[in-house]
Every structure is written in C-alpha cells, then in structure tokens.
Amino acid sequence: MSQIVLKGIDKFYGNNHVLKNLNLVVEDGEFMTLLGPSGCGKTTTLRVVAGLEKPQNGTIEMDGRMVVNAAELFFEDPGKRGMNLVFQSYALWPHMTVFDNVAFPLMVKKVQKADVKRRVMDALARMRIDEYSGRYPSELSGGQQQRVAIARAIVSQPKVLLLDEPLSNLDAKLRVDMRSEIKRLHHELGTTILYVTHDQVEALTMSTRIAIFFEGELEQVAPPMDLYQNPVSLRVADFIGNPRINFIDGEGSFAADGSLVVDSVMGRTAFSPSLLTGELPSTARFPVVLGVRPEKIALSVDPGEGMIPAAVYSVQPAGSETTIHLKVGQTDVLAKEMGIRSYQVDRQVGLSIDPDKINVFDKTTGRLIKLAVPD
C-alpha cells in the first residue's frame, strides 16, 4: 500500500505563500501528475512529500502512518519514507559506469553482491539500456542518461516514485519515447508515481489522474479526459488543450422548464437541465462564456439551414490534422479536422456544434455551470 494523504498543507518562503491549504489524496498504485504553470506550487508539493521541504501547517500520511505533522513539529526522516526522486537534471556520477550509478543505492544498503547484479540488470533491462551497463554517462545521449536515472530510482523498489519534470531537457522525439517508457514502467511495476510537469501533453497521455494548480491552490483533480472535457473553471479550460479552447461570450437565462438558454454570436442555444451543475447564477439574466473545443466544430462548404455562418480566416495544415481559423462576425473561432484539409481564405462556410459537447461557464465567477457529455 502506498497511499499518500496531504491535509491542510501551507508552505511559506518568507512572506510568499507558496502552498495554500493544500488537500490531496494520491491513491495506492496510481500515476498522479501535478500540472500547472511555472511558480504554481507543484514542485514545492513534490519536495514537501519527499521531505526536502518542511511545511508550516498541515499533515502528511503515508499508508496510514503519519510522516509529517507540522503542528507537533514532527517530520519523519526522508530516507524512511520509502520514496525515490528523479530530477530534471540527471544527477549521475560522471566517474561511475551506468552499472555502478544504478547499483549505488543498493551498495549503501549493503545488499549482497549477487542480488545487486540481478536487480541492477533487471532495472536496466526494464529501461532498455542493459547493453550500456559498462559505459559512462558522458558516452550516453540525454534520453539514455534519463533512463539510467530512472533505473537508479526503481532499483531499490521504492513505495513511491517522485519525478520532477524528468523530460524537460529532452528534445520532442525523445520526450515522446520516454513518455511511452515511463507509462509502460508504471504498468509493469504498479508503483505509486507522483509526477510534476508544466507540459499538458505529458499529463494527459500518462496520468491516471491530474491535479492542476494555480498560484499555490489546487484547482481540480480528475482523470485526464474528465479534466479535458469538463474543466471546473475558465482558467483550467484555458490551460488544457492544444489548440486552445474557444471562448465565446454570451448572455444566459433559464427557461420555464429549467433549461439554460444562451444567446451569443453562435445564435440561441438551449441546454438540458440534466447537464447543469450546482453552481448556477441566481439572477434572471447573467453573462456566460461558451467553451467549445476545436474538434467539436463541424465545417461544411455547403451551409445548410440552421448552420452558423462563418468565413475562413486562415488554414494551418500539420499533416495528421488541420487547424482552421474562422471568423463568426467579429469573433475568432478555431476548428480542427483530422488529416490534411484545404479551404480557400475568405470562403463562406457553415458551422454546426452539438450543444451536448459545449461547456458553459459563469463569466462572473469563472465556474463551470453546464457539463459537456463525455465522448
């Protein structure tokens, strides 16, 4: 069991309140990613869990055992928490071979030599670098060095693996390869992983759940697709997704049957009462923001009745997909289609959007008031 429970964590650096009443549960065996912009508190959270930083308030439990109780000034030694940390920099010893770098944690624990060799070679094989066991770090590529760092972290069979932006120093192709390797590693070992990144693609493709931070506060914790399809606030919606989500201003009201009616540049749209959240405005009419993912917009060069008229502003083909920049009146709208598509600039087209796939946010509070139906 490797459940981690953070309750009421506050962390200050001088007058800078870095973590604000943080409450988070990392379940046993899950891949939890801490995501957010630079300076939001995600790395500080990882360091607090690892024991490298002491919070001023709050508690941390691991497997039901108290490891931090700030009120009682109790902070369990980091070495007793059963965690290993992989840094953004590889932190390999240049004078040691790959084998010796990975073996070091076991040698410190005085593990028998036969077991050391078996466990080191098994860790290297899992990371597909066993053939490089006799080389030095300087003889390896960046991706290979990062694999060595991860092999060193898993060789001692930690209860929890902590990874602090481990792929940010790699080029785009290597990042894709390493995402696959880390996800496969989690599948094989079942180790609880706490992963820090500012890269939403890493978070969406690797995690079982994502915790998204802004300015030291936890905004939302959810599985990747739940976070993508139903962000709880405008800033989560704006942060997640590439290309960006479309935000369209409108005015909302409630019909007699309880449905939400929104008037915007896209026309009048009615949304089922069954998809409304509990955070509804209390006024008769109120400002809202429609959130529409680009891939949820269907284009037609032969506009039919009921379609939204639009003009093509620019087209950006990217091989596997094409992003189309449109103008609906004076409002900018992005649409995305799979494959290579060609549209003449300024061509008039028709748009159609399934209302069930639209998010609606209260513009005043920024909170989600209408859910999108998951795919």
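We now turn to the structure provided with this report. (Residues numbered from 1 in each chain as written. Predicted model: local features only at pLDDT ≥ 70, side-chain atom pairs only at ≥ 80, totals over all residues. Heavy atoms only, no water.)

Points about the overall build of the protein
Selection criterion: Each helix corresponds to a stretch of at least 4 residues labelled H or I by DSSP, and each strand to a stretch of at least 2 residues labelled E; elements are numbered beginning at the N terminus. For every residue, the accessible area obtained with a 1.4 Å probe (protein chains only) is divided by the maximum for its type, and the residue is called buried under 20%, exposed over 50%, and partly exposed between those limits. Residues are treated as being in contact if the distance between any of their heavy atoms lies within 4.5 Å. Throughout, the Shrake-Rupley method with a 1.4 Å probe supplies accessible areas, and for residues the shown protein chains are the sole cover considered. Within this scheme the basic residues Lys and Arg register as positive and the acidic residues Asp and Glu register as negative, but His and the chain ends are omitted. We put the charge of a Lys on NZ, of an Arg on CZ, of an Asp on CG and of a Glu on CD.
Within the protein, the secondary structure is distributed over eight helices and 22 strands. Oriented by its inertia axes, the alpha-carbon framework of the protein measures out at about 75 × 50 × 35 Å. In the protein, which comprises 375 residues, the proportion classed as buried is 51%. Partitioning the contacts of the protein with sequence separation of at least 6, the portion at a separation of at least 24 is 64%. Of the accessible surface of the protein, which amounts to about 17500 Å², a share of 50% is contributed by carbon and sulfur atoms. Within the protein, one finds 41 positive and 45 negative side-chain charges whose respective centroids are separated by 6 Å.

Quick notes on helix H1 (residues 42–50)
Counting buried positions along H1 gives seven out of nine residues, so the element sits mostly inside the fold. Every buried residue belonging to H1 is among Lys42, Thr44, Thr45, Leu46, Val48, Val49 and Ala50, and all of these are buried. Of the residues trailing H1, Gly51 is marked for its positive phi of about 95°.

A word on the nonpolar core
As a reminder, the rule being used: The nonpolar core is taken to be a set of buried Ala, Val, Leu, Ile, Met, Phe, Trp, Tyr and Cys residues, with the residues joined through side-chain atoms within 4.5 Å.
Core analysis: the biggest nonpolar cluster contains 33 residues, and Val102, Val120, Ile150, Ile182 and Tyr195 have the highest contact counts within it. For this core, the secondary-structure elements that each account for two or more residues are helix H2 (98–108), helix H3 (113–126), helix H4 (142–154), strand E8 (160–164), helix H5 (172–189) and strand E9 (192–197). The element that contributes the greatest number of residues to this core is H4, accounting for six residues. Residues within four places of Val120 in sequence aside, it is in contact with Phe99, Val102, Ala103, Leu106 and Val155. Formed by 27 residues, the second largest nonpolar core is a distinct cluster that contains Ile248, Leu326, Leu351 and Val360.

Focus: a nonpolar patch on the surface
Defined as follows: Patches were defined on residues exceeding 30% relative accessible area and lacking a salt bridge, with like-charge contacts within 9 Å and nonpolar side-chain contacts (Val, Leu, Ile, Met, Phe, Trp, Tyr) within 5 Å. For this analysis, a salt bridge means a side-chain nitrogen from Lys or Arg found within 4 Å of a carboxyl oxygen belonging to Asp or Glu.
On the surface, Trp93, Phe104 and Val108 cluster together into a nonpolar patch covering about 260 Å² of accessible area. Structurally, the position occupied by Phe104 is in helix H2.

Notes on the pattern of salt bridges
Enumeration over the complete set of coordinates arrives at 24 salt bridges. The closest approach of N and O atoms between Arg209 and Glu30, which form a salt bridge, is 2.8 Å. Of this pair, Arg209 sits in strand E10 (residues 209–214) while Glu30 sits in the loop between strand E2 (16–26) and strand E3 (31–35), placing them 179 residues apart in sequence. The class for Glu30 is buried, based on a relative accessible area of 8%. Between Arg367 and Glu219 there is a salt bridge; the shortest N-O distance is 3.5 Å.

Examining H5
What counts here: The span you would expect from a helix comes to 1.5 Å times its residue count less one. Polar contact criterion, stated in full: a pair of N or O atoms within 3.5 Å, where within protein one must be able to donate a hydrogen and the other to accept it, and residues adjacent in sequence count only if both atoms are side-chain atoms.
The end-to-end C-alpha distance of H5, which contains 18 residues, comes to 26 Å, matching closely the 26 Å that a straight helix rising 1.5 Å per residue would cover. By the burial criterion, the buried members of H5 are Met178, Arg179, Glu181, Ile182, Leu185 and His186. Tucked inside the fold, the buried residues of H5 contact E3, H3, H4, E8, E9 and helix H6 (200–206). Between the side-chain oxygen at the start of H5 and the backbone nitrogen of Lys173 there is a gap of 3.3 Å, and the oxygen is on Asp171. Following H5 by one or two positions, Gly190 has its phi on the positive side, about 70°.

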